Amino acid sequence: MALLYAALAYLLGLAVARWWWAVAAVACPWPAWLWLLPLALLPAVAWLDRLEERPHPPLRWPEAAGFVAPRRGPSPALAAGVMLCLLAGFLRYSGQPFARCWTAADLAYHNLPATATFDPQALQITVDGIVDSYPLLVDGRQTFDLDATGLQPSAAFHLLAKSGAAQPMQFVQGRVRITTGAEPRLRYGQQVTAGGRLVEPAVFDGFSYRQYLAGKGIFSVMYRADVQIGKAELRGSPLLRTLYAVRARGEALINQALGEPYAALANGMLLGIEAGIPQQLYDQFNATGTSHVIVISGTNVALIAGVIVAVATRLLGRRRALWPTLAAIAAYALLVGGDASVLRAALMGALFVTAAALQRRSTALVSLAAACMGMTMANPLALWDVGLQLSSMATAGLVLLSPAFAGAIQRLFGSSLGWLRAAGEDVLAVTLAASLATLPLSLYYFGRLSLISLLTNLLIAQVQPLILFGGSAALLAGLAGQQLVAQALFWLPWLALAWTVAVVRWGAELPWATLQISRFGLPQLGLTYAVLGLARWHRPWWAALTHWRSPPAAALPAVTTSRFTPGAAGGSAGPLTPPTAPAAQPSRSQWLVRRLASPGALLAAAFLAAVIWAAALSLPDGRLHVWFLDVGQGDGILIQTPSGRQVLIDGGASAQTLLGQLGAVMPFWDRTLDLVVLTHPDADHMAAQVEGVGRFTIDAAWETAACAANNDSHGWRAAVQAAGAQVQIQSRGGWADLGDGVALWVLGPPAPGFTGEDADNQNSLVAKLVYGDFSVLLTGDAGAAAEQTLLAQGAPVQSTVLKVGHHGSKSSSSAAFIQAVAAPLAAIQVGPNRYGHPDTEVLDRLAGSTILRTDEEGRIEISSDGREMWVETEK
């Protein structure tokens, strides 16, 4: 327990130091090595403690007569060790505080205020360095950390720049978080040059981004940077390059196998890549108190350690298995990003594995304290990492509270419900313990109390191992090149993920799901944990909870039967136990029934039935389906023919949003598109396709001649070709037979195309989908000039459904065109915008039609059998 006291004292020293620095307004850090001096005295304290334990000579009177009471309480050596650890923590923070005194050799010295982020007059600089993290790509933006090596020109060189003098590269050191475009795609270890505004991280209301990044050793940010790749030689750690390459391969496997949002969740749970999770879904996890299942936890580390220990023990023996297991835990922690909570779990796992290999007793609380102490020795600012605090408190809650909760639940239910009770007992106890332990921190940081956290956690806890074990097995199969096996194995985590998302969304929609709590500050936090501590160690209450029992059954008198056999001399040989009858062997049919009724068999049957039903419900139903996807301010349309062929037209600006919409309507196993159409190369139509089509195998792609001549479309063309598509240029008169009597006709633009003002929109591809008596006119962003050309050429524009042009802009949907189309139903794809879409004049012109808008109705589904039409909306 001495290690526990030492760790707690060290952590307390860190907290006291930060408070003292704030109160005393200390300007600059102290020497970084001072904290090592108190630690250097600990061996001497330990030697004195052992010296006290040596046998003493016999006591003389009056001590021998008992007049002097023996010493009580902690030994002086232990007290001295605790004080040294407290001092070491104080000095450790003082050498690396949040606030620094920067010099010109530090990158942060050249920061501009956070308010200069989007100031066009702010000075821009160029930073050279090495990519020092795993680049994350979300919605066309890459985010990565740069380990800076040089800077040019800083504010110090501003006058030289005006005079035209040479501007030398200044040596600097430090790390900066950079956000840039999707291209060029970056890798860890690349040497790059980034240009932009170097600013200090902002402090938002209720969240300090500055403190968050400072805990990671980052004190500068650069948004919308222009990044150029330098020398081809890769720098950095070869181990990290290898691990990040495996991580990238695993991310690609998950993205190819699962639709959204399940792929994003699986990336977070298995690989620690949380950036792709939609913000709305993340908020729903927070509202239901289930966000902890998204992050890498000790369960992941336990899985890695367990598998490696089992294999290495058979091959190398118990003691030799320790080193490969520790190496695997360290590699996994680096693979998934090395966040504070991951490192805490990895250190605890390493301590437990080491204790088991050495046959030493491993105490969970001691391991937890030692892990936190080790992390904060490396980085004292990690103590204020919210993820580390929550995961540590959850672990402490499991150790201190879950046994009592488990005992109370067991005695409450008794032996009822059989294995079902046993399966839910631990889940309920663990959920109660972890939720209670982390509740004060959640209230302090987020001001949010989830009233359904216990219910939602109970509903999803049982399927989380399916995600972890099934997803890990699928990843291993995919990394080994067994793609078909991996795809089949991914069905298991997909089912668990679908259930998890359904429960979370259901819970978040309840009006009383979350209660906002205000004025829960540091005093309330300390008081709450003090009350929990008193309740935990208050013996009468704790004993009542731990030893509570059901009323005992009435005692029955014991009945003893004896059988006497004569002895050799005619006497009694004493009582003998009646012979036990041999147990009857079950028949084959009885054995089979027992096996089929086992929990594992029932769970397997339930899983198989769920997969079969999900697959059956996803099969084509013999109707033509057209989905106007809710992609925000942009167009995104999915067509599915009666036999299941699929056409994607545009996609909006956000790949994350598009993939989420496609995941909601496409079969979960389907990763193919028969045709991809780009109406024109505006970002609100094309950007999502550039990043999103890489998830699918594509047979063909359409674009216009004007699109092909636009430099902005080069990235789109490369993306669809990489997905296997043959790109075709279409103009008026083109068409595609989609089968089942469904045809897609191209009505515009004419082959010469339009020139002049607004040519990009006028050259939008205009198509008509026809199936029997049912038709849909798809206009892209075609304006009034394109509409007049269609009418002048006698194009067959009359349709059942009109996709209103250019999101309802007044530059489209002329009165003559709307009258010629004569559509009973008009669909407008629009989101929050600053353009005033849809225009009130356009809405007035459409007054004779039923108007459906994605910003009001969400996703719009129109289906037809060629004669009748059915309409469903998401909201």
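Higher on the page you've got the structure.
Caption draft 1: Representation of the state of the cysteines. Counted according to the given criterion, the structure contains one disulfide. Disulfide pairing is shown between Cys 28 and Cys 101; the S-S distance is 1.8 Å. Taking the sign of the S-S torsion, -95° for the link of Cys 28 and Cys 101, the bridge is left-handed. Taken together, the residues span a long stretch of sequence, with Cys 28 in the loop between helix H1 (2–24) and helix H2 (36–40) and Cys 101 in the loop between helix H4 (76–95) and strand E1 (125–131) at a distance of 73 residues. A residue is classified by how much of its surface remains accessible, and Cys 28, at 35% relative accessible area, is partly exposed. Classification of Cys 101 as partly exposed rests on a relative accessible area of 33%.

Caption draft 2: Highlighting the pairing of strand E4 (residues 170–181). Here strand E3 (residues 141–152) pairs with E4 via 10 bridges, running antiparallel. Pairing of Leu 151 across the sheet is with Gln 170, part of E4.

Caption draft 3: Local environment of the sheet that holds strand E23 (residues 766–771). Reading across the sheet, the seven strands line up as E21-E22-E23-E24-E25-E26-E27 and stay open at both edges, with mixed pairing between neighbours. Bordering the open sheet on either side are strand E21 (735–739) and strand E27 (850–853), each of which pairs with just one other strand. Strand-to-strand twist across the sheet, computed as the mean angle between neighbouring axes with direction ignored, equals 20°. The sheet contact formed by strand E22 (residues 742–748) and E23 spans six bridges and is antiparallel. Counterpart to Leu 744 in the pairing with E23 is Leu 769.

Caption draft 4: Layout of the nonpolar core. Membership of the largest hydrophobic core comes to 40 residues, with the highest contact counts inside it found for Ile 254, Leu 258, Leu 265, Trp 494 and Leu 497. The set of elements that each furnish at least two residues to this core consists of helix H7 (238–257), helix H8 (262–271), helix H9 (279–287), helix H18 (464–479) and helix H20 (491–509). Residues within four places of Leu 265 in sequence aside, it is in contact with Ile 277, Leu 281, Phe 285, Ile 294, Leu 497 and Val 501. Residues Leu 11, Ala 88, Met 348 and Leu 383 belong to the second largest nonpolar core, which totals 31 residues.

Caption draft 5: A look at helix H30 (residues 784–792). Turning to H30, its buried residues are Ala 786, Glu 787 and Leu 790. For H30, the arc enclosing every buried residue in end-on projection is 100°, short of the 170-degree limit, so these residues lie on one face. Projecting away from the buried face of H30 at angles above 90 degrees are the exposed residues Gln 788 and Ala 792. At its buried positions, H30 is contacted by E22, helix H29 (759–762), E23 and helix H31 (815–821).

Caption draft 6: Structural detail: the environment of Gln 793. Within the secondary structure, Gln 793 sits in the loop between H30 and strand E25 (801–803). Residue class for Gln 793 comes out partly exposed when judged on its relative accessible area of 36%. Taking C-alpha positions, Gln 793 is 10.0 Å from Pro 750, a pair spaced 43 residues apart along the chain.

Caption draft 7: Inspection of the sheet that holds strand E19 (residues 697–703) at higher detail. Judged by pairing direction, the sheet is mixed, and its eight strands sit side by side in the order E20-E19-E18-E17-E16-E15-E28-E29 without closing on themselves. Two strands bound the open sheet, and with one partner strand each, they are strand E20 (726–729) and strand E29 (869–873). Each strand axis lies, on average, 15° off the axis of its neighbour in the sheet, ignoring direction. Sheet topology note: the strand E17 (residues 646–650)/strand E18 (residues 672–677) ladder contains three bridges and is parallel. Residue Ile 649 lies in a different strand from E18, and its bridge partner there is Val 677. Of the strands in this sheet, E17 and E18 are in contact with helix H26 (residues 683–692), which crosses E17 at around 130°.

Caption draft 8: Focus on the pairing of strand E15 (residues 624–628). With respect to burial, E15 is a largely interior element, five of its five residues being buried. In E15, alternate side chains face the same way, and those of Leu 624, Val 626 and Phe 628 on one face and His 625 and Trp 627 on the other are all buried. The sheet contact formed by E15 and strand E28 (residues 860–864) spans five bridges and is antiparallel. Each bridged residue has a counterpart across the sheet, and for Trp 627 the counterpart in E28 is Glu 861. Bridge analysis of E15 against strand E16 (residues 636–640) gives four bridges, and the strand direction is antiparallel.

Caption draft 9: Representation of the packing of helix H11 (residues 322–335) against helix H12 (residues 340–357). In contact at an axis separation of 10 Å, H11 and H12 are set at 175° when each is read in the N-to-C sense. As the angle between them shows, H11 and H12 are arranged roughly antiparallel. From H11, Leu 322, Thr 325, Leu 326, Ile 329 and Ala 333 reach across to H12, where they touch Val 342, Leu 343, Ala 346, Gly 349, Ala 350, Val 353, Thr 354 and Ala 357. In terms of residue class, the contact of H11 with H12 is made up of 10 nonpolar, three polar and no charged.

Caption draft 10: Just the side chain of Asn 379, in detail. Secondary-structure assignment places Asn 379 in the loop between helix H13 (364–378) and helix H14 (386–400). On the accessibility criterion, Asn 379 (18% relative accessible area) is buried. Polar side-chain contacts of Asn 379 include one of 2.5 Å to the backbone oxygen of Gly 215. Once residues lying within four places of it in the same chain are set aside, the contact partners of Asn 379 are Arg 92, Gln 96 and Gly 215.

Conventions and cut-offs
Residues numbered from 1 in each chain as written. Predicted model: local features only at pLDDT ≥ 70, side-chain atom pairs only at ≥ 80, totals over all residues. Heavy atoms only, no water. Disulfide = S-S within 2.5 Å. Helix = DSSP H or I, 4+ residues; strand = E, 2+ residues; numbered from the N terminus. Buried < 20%, exposed > 50% of the residue type's maximum accessible area, 1.4 Å probe, protein only. Pairing = 2+ DSSP bridges. Axes fitted to C-alpha atoms, helices over the stretch in contact; angles between N-to-C directions. Core = buried A, V, L, I, M, F, W, Y, C linked by side-chain atoms within 4.5 Å. Contact = heavy atoms within 4.5 Å. Arc of directions from axis to C-beta. Parallel < 35°, antiparallel > 145°, perpendicular 65-115°, else oblique. Nonpolar A, V, L, I, M, F, W, Y, C, P; charged D, E, K, R; others polar. Polar contact = N/O pair within 3.5 Å; in protein donor to acceptor, adjacent residues only side chain to side chain.

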